[in-house]
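Residue strings, one per chain:
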Amino acid sequence: MNSTFEVVIYIFLFFGLFFEIFLLLTFFEPEAKQRRMKKPNKHFPTVAAIVPCYNEEETIAKTVESLVALEYPQDKLTIVLVDDGSTDRTGRIIDSYGSFPHIKIIHKENGGKHTALNAGIRATETEFVAILDADSFVSRDALKEIMAHFDHERVGAVIAAFSIWNPRSLLEKLQQTEYLLAIAFRHVLSAVNGLSVTPGPLSIFRRQVFEELGTFVPAHDSEDMEMALRMQKAKWHIANAPHARVYTKAPESIAKLIRQRTRWMTGYMRNGFDYREMYGNPHYGALGMLVLPFSTFAILGTIVIFTLTVAQTGKWLWNFFQNALVVPLSFTFHVPSFNFDWFFLPLNTMILLGILAIGILCIRLCAGALLSNTKPSVGMGVVWYLPFYGIVAPIWTIRALRDVVFGIRRSWR
Amino acid sequence: MKPYFRNILLAFIIATLLFGTGFWLSNQINDLRLAELRNIQDRIGTDILSLETQFDLLESLSCQNIRENSVLSSELNTLASRLAYTENALGSQNEEVKALKRQYSLLEIKDYLLMQKVSGKCGLKPVFVLYFYSNEGDCNKCETAGHVLTYLRETYPQLRVYSFDYHLDIGALKTLITVNKIEPRLPAFVINGTVHYDLDDAESIEKILPLDKLATSSAPSIEKELL
């Protein structure tokens with residue numbers, strides 16, 4: 001094997017393993033333990049749940065129903081449905097909830113998600129503001145679970161544990177695997193205040209944050225990341241409620257998944273550039289010293305390893321065809337008889353460490369499922385997770401990098 | 001010290017230890033592989049020496065006795081595939097690999113000479129192919145040539161193929177190269193005493209091979225021929 005390829009793989013494998021071990025160690029820290037042991041409290045502050053909608057006729061009703069079913073005193077909860085100039089039946093659907101005393105409906109011209117969120121914030125005066133995407137559904141106890149984590153005056157936002165709504169296809173199960181891994185990841189990072197995003201499927205903010213830092217801005221179509229970085233910069237804490245379950249609709253085709261992730265990735269790159277002074281800056285603790293540099297390192301690793309793998313595969317294919325040309329085709333495609341022989345077992349350092357890294361990843365997956373009490377429903381999604389993301393993640397990463405370098409702006413949908 | 005900073009340090013130490021353990025384990029496994037290679041080589045060396053001694057002691061050694069030792073060639077093939085795997089894993093510049101390759105080449109030469117004697121005594125007409133290659137980047141077609149020989153070996157089990165690294169530093173190999181007047185134009189083939197340089201596919205080698213003497217893999221193997 002090409003030695004450059006091996007060295008590069010070893011470097012990324014080492015730091016990948018290092019990061020996974022860091023997560024595992026932090027998982028057992030008292031701070032993380034205390035967070036996952038937290039019980040809902042009896043005090044119910046006022047909350048406004050804002051749902052920005054743009055052409056969400058397929059899911060908005062279910063989203064609203066899930067909010068209405070929340071186990072939270074009705075006089076303390078206001079649901080704000082903001083129609084951001086939808087051109088489908090979304091407006092009519094949300095109007096049908098007009099009779100609910102605690103539901104406010106706003107219709108406005110299309111201006112982008114951040115304008116819809118800000119309209120909702122302005123229309124309410126509650127102590128806390130919840131942001132919920134119109135394709136996500138909350139579990140009945142999610143709000144109670146989340147509110148228990150505002151246990152310190154500098155906790156400015158709390159995010160929930162997200163998983164895929166009713167994963168049935170292989171693609172949905174693959175994303176479910178990814179989301180379960182992310183549950184444990186976010187839980188651990190919150191213990192060191194290392195969260196860099198307040199995701200749309202459900203994040204709750206202290207109103208004081210908006211009063212102090214301002215409301216949402218366009219932020220390269222990633223207002224959730226920009227707000228998190230703005231908060232971290234101002235020394236607000238972002239916590240995670242691992243037992244607060246929220247289900248979100250997954251993109252149902254690979255093309256849609258790539259489109260969604262390209263948007264997330266360009267948002268990360270552009271916002272990361274805007275907040276570049278936080279990278280490697282000890283003033284921002286684990287976020288500045290570890291999380292942000294590692295996210296960039298992971299992006300770099302994805303691109304480098306993918307490029308080298310493509311080059312190696314190309315070389316292998318070239319040799320394969322060269323060899324196929326010099327012998328009869330029947331020999332090229334004959335299946336050799338298999339006799340087990342330990343001598344030929346591919347037990348080298350890379351494989352051994354790779355197995356170890358996958359083992360730790362499996363622990364993280366189980367931890368995610370247990371923490372959020374989510375039925376894994378991943379099936380073959382676990383088996384195909386690494387091969388699938390190993391191929392498609394570089395596609396959206398490279399695509400995003402190209403968009404950032406050449407200033408390409410893509411529409412949301 | 002902040003918990004996250006302590007965990008960063010701990011994680012770094014653990015990752016380094018795990019990496020070290022991974023390399024150590026991998027080395028242990030490679031040592032086991034090398035030990036097995038040495039073991040096979042010793043066994044083949046002893047078998048060849050035993051056969052040669054019998055030859056020298058008893059001029060009347062029967063072809064039946066030789067048949068019992070004909071398992072040697074398959075042992076050499078087993079050794080070849082293991083050596084190739086190890087060379088690929090450890091690299092062609094690894095000193096252990098080089099030493100094993102030198103011994104392997106000597107065994108091949110001894111087997112080649114012995115089989116020539118056996119052929120003369122038992123009136124056999126086996127087909128010998130000496131194949132010279134290089135791993136030093138001066139032979140573009142060597143990988144393809146190796147693939148062709150794998151095909152030929154599997155198709156014609158009676159074919160006796162001996163592969164030699166042209167640049168290996170052993171006196172016996174240098175002599176073999178000199179005796180056969182092989183130029184450093186690789187890959188080079190010596191088929192029944194004649195040197196060929198521009199053979200780069202199975203078809204052109206098959207044209208040179210005396211196919212009438214070679215049965216394909218579905219036919220009885222050399223053991224039968226030697227009877």
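Within each chain, residue numbers correspond to sequence positions counted from 1 in written order. As a convention, the first chain written is A and the first ligand written is 1, with the rest following in written order. Where totals are concerned, whole chains, interfaces and linings use all residues; where local detail is concerned, this predicted model gives features only for residues with pLDDT of at least 70, and gives and counts side-chain atom pairs only at 80 or more. Hydrogens and water molecules were not included; the side-chain quantities draw on all heavy atoms of the structure.

S.K.: Give me the overall build of chain B: which residues, what numbers.
M.R.: The way it works is that DSSP assigns letters per residue, a run of H or I at least four long becomes a helix, a run of E at least two long becomes a strand, and they are numbered from the N terminus. Along the backbone of chain B there are 8 helices and 4 strands. Walking chain B from its N terminus toward its C terminus, one meets helices and strands in the order α-α-α-α-β-α-β-α-β-β-α-α. Going through the 227 residues of chain B one by one, you find that 45% of them count as buried. A sequence separation of at least 24 residues applies to 73% of the contacts in chain B between residues at least 6 apart. Accessible surface is estimated by sampling points in the Shrake-Rupley manner with a 1.4 Å probe; for residues, cover comes only from the protein chains shown. About 11,400 Å² of surface is accessible on chain B, with carbon and sulfur atoms providing 55% of the total. Relative accessibility decides the category of a residue: with a 1.4 Å probe and only protein chains considered, values under 20% of the type maximum give buried, values over 50% give exposed, and everything between is partly exposed. Contacts are assigned to residue pairs with any non-hydrogen atoms lying within 4.5 Å of each other.

S.K.: Would you mind going over the pairing of strand β1 (residues 47-53) of chain A in detail, with residue names and values included?
M.R.: Residue and element names in this part refer to chain A. In terms of burial, β1 is a largely internal element, 7 of the 7 residues being buried. Going residue by residue along β1, you find V47, A49, V51 and C53 tucked away on one face and A48, I50 and P52 tucked away on the opposite face as well. In this scheme, strands are said to pair when DSSP sees at least two bridges between them. Alignment of β1 against strand β2 (residues 77-84), held across 7 bridges, turns out to be parallel. Pairing of C53 across the sheet is with D83, part of β2. Running through helix α3 (residues 60-68), the crossover from β1 to the neighbouring parallel element β2 is right-handed. Note: β1 against strand β4 (residues 128-131), 4 bridges, orientation parallel. When the bridges of β4 are listed, V47 appears paired with F128. Handedness rule for crossovers: strands pointing away from the viewer, path from the first strand over the helix to the second running clockwise, crossover right-handed.

S.K.: Go over the packing of helix α2 (residues 30-37) of chain A against helix α7 (residues 170-191) of chain A with me, naming the residues and quoting the values.
M.R.: All names here are of chain A. Where α2 contacts α7, the two axes come as close as 8 Å, and the packing angle between them is 120°. One way to sum up the angle between α2 and α7 is to call them oblique. In terms of crossing hand, the pair formed by α2 and α7 is right-handed. Seen from α2, the contacting residues are E31, A32, R35 and R36; seen from α7, they are H187, S190 and A191. We call Asp, Glu, Lys and Arg charged. Ala, Val, Leu, Ile, Met, Phe, Trp, Tyr, Cys and Pro are nonpolar, and the rest, Gly among them, are polar. The residue makeup of the contact of α2 with α7, split by class, is 2 nonpolar, 2 polar and 3 charged. Axes, fitted as lines to C-alpha atoms, cover a helix only where it is in contact. Angles between the N-to-C directions of the axes lie from 0 to 180 degrees. Angle categories: roughly parallel below 35 degrees, roughly antiparallel above 145, roughly perpendicular from 65 to 115, and oblique for all the rest. In this scheme the crossing of two helices becomes right-handed for a clockwise turn of the near helix relative to the far one and left-handed for an anticlockwise turn of less than a right angle.

S.K.: An account of the side chain of H102 of chain A is requested, with residue identities and associated values reported.
M.R.: Positionally, H102 of chain A belongs in the loop between α4 (90-95) and β3 (103-108). Other than its neighbours up to four places away in sequence, H102 of chain A contacts Q74, L77, T78 and I79 of chain A.

S.K.: How would you explain the interface of chain A and chain B if you had to name every residue and give the values?
M.R.: Counting residues at the interface gives 36 residues for chain A and 37 residues for chain B. In short, buried area is how much 1.4 Å probe accessible area vanishes from two parts on joining, totalled over both. Carbon and sulfur atoms make up 72% of the area that chain A and chain B hide from each other, which totals about 3,300 Å². Each salt bridge in this description consists of a side-chain nitrogen of Lys or Arg and a carboxyl oxygen of Asp or Glu lying within 4 Å of one another. Taken together, the connections running from chain A to chain B amount to 2 salt bridges. Where D341 of chain A meets R82 of chain B, a salt bridge forms, and the shortest distance between an N and an O atom there is 2.4 Å. Two N or O atoms count as a polar contact when they lie within 3.5 Å, although within protein this holds only if one can serve as hydrogen donor and the other as acceptor, and sequence-adjacent residues are included solely when both atoms are side-chain atoms. The interface formed by chain A and chain B contains 10 residue pairs in polar contact (both at pLDDT 80 or more). Looking at the side of chain A that touches chain B, the elements that each hand over two or more residues are α1 (3-27), α11 (285-326) and α13 (349-371) of chain A. Looking at which element gives the most residues to the side of chain A that touches chain B, the answer is α1 of chain A, with 9 residues.

On their own, these measurements won't tell you what the molecule is for.
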